[in-house]
Amino acid sequence: MAERQEGLAQVLFGKQIHALAEAEAAVLRKIDRQEPISQDANRVIAAQASLGDRLADKVASVGGSWGFIASFSVILLGWMVLNSDVLGRWGIAFDPYPYIFLNLMLSTLAAIQAPVIMMSQNRQADKDRLAAQLDYQVNLRTEIEILRIQAKLDDAILTRLDQILDRLEPRAED
């Protein structure tokens, strides 16, 4: 099998097998085993995702939505109305204006949410890199297969032309 792959590397890439890039070597192995090369980047990333990765993605999807903004705005408005008007009339407001406790909670939320969103963005960048690598492998395999088909067609055409010329040559002598 190693000798066959070495021969394929030389024929397809014009290089020794040890000189191939990882993507080229992966394509070569798939060609040798006659396996399909395409993969879904989302499935590959999902299979590798840890619980923390999935949690970061969920927090980022919720925290970066209009639903979150709307519901959080309602909560903030409710907090202010409750502490200014409702509880303030009875003198039992637990966080009166300037809402120091609310500011503390918002700062804490921002301090936690920002790195989690960054983790999710890093995972998206990893997914994009993986998708680009998988696309490259598919494109490389496609190019190789097209070149192989083209070579077969060229051989078939040359063989057919040789047959036609062989038929025509005896008549030219007559």
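Residues numbered from 1 in each chain as written. Predicted model: local features only at pLDDT ≥ 70, side-chain atom pairs only at ≥ 80, totals over all residues. Heavy atoms only, no water.

Considering a nonpolar patch on the surface
What counts, and what does not: Here a patch means residues that are over 30% exposed by relative accessible area and free of salt bridges, tied together within 9 Å if like-charged and within 5 Å if nonpolar (Val, Leu, Ile, Met, Phe, Trp, Tyr). Per-residue accessibility takes into account occlusion by the displayed protein chains alone, with areas from the Shrake-Rupley method and a 1.4 Å probe. For this analysis, a salt bridge means a side-chain nitrogen from Lys or Arg found within 4 Å of a carboxyl oxygen belonging to Asp or Glu. Secondary structure elements follow DSSP: runs of H or I of four or more residues count as helices, runs of E of two or more count as strands, with numbering from the N terminus.
A cluster of nonpolar side chains, Leu-77, Val-81, Leu-82, Val-86, Trp-90, Ile-92, Phe-94, Phe-101, Leu-104 and Met-105, forms an exposed patch at the surface whose accessible area comes to about 1000 Å². Those elements that provide at least two residues to the nonpolar patch are helix 5 (66-89) and helix 6 (100-173). Looking at the nonpolar patch element by element, the count peaks at four residues for helix 5. In this structure, Phe-101 sits in helix 6.

A few points about the packing of aromatic side chains
What counts is decided by this rule: Ring pairs shown here join Phe, Tyr and Trp side chains whose ring centres sit within 6.5 Å, with only the six-membered ring taken for Trp; geometry is labelled stacked below 30 degrees between planes, edge-to-face above 60, and tilted in between.
According to the stated counting rule, one finds four aromatic pairs in the structure shown. Cluster of aromatic residues (ring-pair linked, three or more members): Trp-79, Phe-94 and Phe-101.

Points about helix 5
Note the cut-off: Every helix has an expected span of 1.5 Å times one less than the residues it contains. To obtain the bend at a residue, axes are fitted to the seven residues ending there and to the seven starting there, and the angle between these axes is taken.
The terminal C-alpha atoms of helix 5, which comprises 24 residues, lie 33 Å apart, in line with the 34 Å expected from a rise of 1.5 Å per residue. Approximately 40 degrees is the largest bend angle found in helix 5, and it occurs at Leu-82. Gly-91 sits one or two positions beyond helix 5 and adopts a positive phi of about 75 degrees.

Observations concerning the nonpolar core
Note the cut-off: Joining through side-chain atoms within 4.5 Å is the link that ties buried Ala, Val, Leu, Ile, Met, Phe, Trp, Tyr and Cys residues into a set, and such a set is a nonpolar core. Buried residues are those whose accessible area, probed at 1.4 Å on protein chains only, stays under 20% of the maximum for their type, while exposed residues exceed 50% and partly exposed ones sit between those limits. Contacts: residue pairs with any heavy atoms within 4.5 Å of one another.
In terms of nonpolar packing, the biggest core is built from eleven residues, these being Leu-8, Ala-9, Phe-13, Leu-20, Ala-25, Val-27, Leu-28, Ile-31, Ile-37, Leu-140 and Ile-144. Counting residues per element, this core draws most heavily on helix 2 (residues 22-33), at four residues. Once residues lying within four places of it in the same chain are set aside, the contact partners of Leu-20 are Ala-9, Phe-13, Lys-15, Ala-25 and Leu-28. Ranked by size, the runner-up nonpolar core spans five residues in total, among them Ala-41, Ile-45, Leu-130 and Leu-134.

Notes on the confidence of the model for the chain
Put simply, the rule reads: pLDDT measures the predictor's confidence residue by residue and takes values from 0 up to 100.
Overall, the prediction assigns the chain a mean pLDDT of 89, with 97% of residues at 70 or greater. The least confident element of the chain, judged by mean pLDDT, is helix 1 (residues 2-13) at 81; the most confident is helix 6 at 91.

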